Amino acid sequence: MKRFKDDLYYVGVNDYNIYLFESQFRVPNGISYNSYVLMDEKIAIFDSVDVHFQDEWLNNVLEVLNGRTPTYLIIQHMEPDHSSSINALLDRFPSLKLVGNNKTFDMLKKFYRKDYQNEMIVIKDKESLSLGKYNLTFYFAPFVHWPEVMMTYVDSLNALFSADAFGKFSTLDVDEKWEEEASRYYFGIVGKYGLQVNNLLKKLDGLDIKMICPLHGPILDNNLSYYLNLYKDWASYRPTKKGVVIAYNSIYGNTLKAVMTLKSYLEEENINVLTFDLAREDMSKAISSAFVYDRLVLACPTYNGTLFPHMYSYIHEISERNFQNRKVGIIENGSWGVIIARKIKELLSPLKGIEIIEPVVTILSSMSEDNEKQLKELSINLKGE
Ligand code: FEO
């Protein structure tokens, strides 16, 4: 438990044991499930935590309450990492009112199979609720990242309780650059919804936000324009870093050799290069990097007459997150029937603003001298100018 500011307390928990967030994203440094208590004449609690941590969370809450009874639980997001301890709090405080919108309560009933008729306070977009000294105003944020999501602005704290937005992976005691795990989190979880994130940012424009309290990761209370501007870029699919991401598969090392040759040519030109073995490394880092950096190369051998399976997954993952407006190079490899480049172009063709950078490099089993020249040419064309 930590008093953060004035009457605002942090009562969230760190999950050090989780292996896969949302059963798919590796989180080597765990994750935090954030929850907050705002003490006033009426007391509001913002969100609960994953059910596996409900006892720790309840202890944190009880310590802050110090014998008082909370009036409201504000339910900003129904994903179970934030909602699955709601019933434990209700059991402890039967007079508690649950504050949410119509979609919140529709989901609450479906997830937890209770009626909640006596507990619900259904609010509308931009409706306010007074705690006494503090006034809460709710801003619906559909699809950031579920349809029921809403955020809360507390005026005299100048605090935005931002649900999943502005969150990141890792527990709160990990010292790391915010942007790295925040971009992997953003593009992994919210990346598909750039339009909705932009709509939200427009909606919040004009609020005097001095503190952002997300549901994962640290409270942000310094240099907020940095975070807000990053979100504007990410939501608009604008690259924020210069460099070439090479996502590859290699079965026996021949495609890898081409990747490393291209990398060395690019580095000779002082171009930043990141390589990702899609079969062996965490694909979510390769996904977020495709969006953060301004150029991408896909290098893939033929397998079962088509793309290697991880490359299929990768192109699917970036496509469904609206990958767009990027330069893309292609290296294909095969011993017979090489159709990788054609297939990749087909898969990328529905995406906006994809420019294929020539030459497409076709390797027949292992690199030839001609391939080396083509890779050099590709590196020059990727450099641009
Ligand atoms: Fe942390 Fe969309 O839940």
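Residues numbered from 1 in each chain as written. Predicted model: local features only at pLDDT ≥ 70, side-chain atom pairs only at ≥ 80, totals over all residues. Heavy atoms only, no water.

*Asks:* Whenever I open this one, the overall build of the protein confuses me. Can you help?
*Replies:* Along the protein, the regular secondary structure elements total 12 helices and 22 strands. Counting only C-alpha atoms and orienting by the principal axes, one finds that the protein spans roughly 75 × 40 × 35 Å. Counted over contacts in the protein with a minimum sequence separation of 6, partners at least 24 positions apart contribute 69%. In the form shown here, the protein has an accessible surface area of approximately 16,300 Å², with 47% of it arising from carbon and sulfur atoms. Across the protein, 42 positive and 50 negative side-chain charges occur, with their mean positions spaced 4 Å apart. (Helix = DSSP H or I, 4+ residues; strand = E, 2+ residues; numbered from the N terminus. Contact = heavy atoms within 4.5 Å. Areas by Shrake-Rupley, 256 points an atom, 1.4 Å probe, with all protein chains shown as cover. Lys, Arg positive; Asp, Glu negative; His and termini not counted. Charge placed at Lys NZ, Arg CZ, Asp CG, Glu CD.)

*Asks:* Please explain the pairing of strand β21 (residues 326–334) as it appears in this structure.
*Replies:* Residues in a regular strand project their side chains so that they alternate between the two faces of the sheet. Most of β21 sits inside the fold, with 8 of its 9 residues counted as buried. Summarising the sheet, strand β19 (residues 293–303) and β21 pair through 7 bridges and their orientation is parallel. What sits directly across from V297, in β21, is G329. (Buried < 20%, exposed > 50% of the residue type's maximum accessible area, 1.4 Å probe, protein only. Pairing = 2+ DSSP bridges.)

*Asks:* Help me out: how do you make sense of the pattern of salt bridges in this one?
*Replies:* Pairing between side chains of opposite charge can happen when the charged atoms of each approach one another. Evaluation of the coordinates by the stated rule reveals 22 salt bridges. Between K241 and E180 there is a salt bridge, with the nearest N and O atoms lying 3.4 Å from each other. Placement of the pair is K241 in strand β17 (residues 241–248) and E180 in helix α5 (residues 178–190), with a sequence separation of 61 residues. Under the relative-accessibility criterion, E180 is labelled partly exposed at 29%. (Salt bridge = Lys/Arg side-chain N within 4 Å of Asp/Glu carboxyl O.)

*Asks:* I'm lost on the side chain of R184 in this one. Help?
*Replies:* Mapping R184 onto the fold places it in helix α5. From its side chain, R184 meets the backbone oxygen of R26 in a polar contact 2.7 Å long. Each residue touching R184, except ones within four places of it in the same chain, is listed here: R26, V27, P28, F169, D282, S284, K285 and S288. (Polar contact = N/O pair within 3.5 Å; in protein donor to acceptor, adjacent residues only side chain to side chain.)

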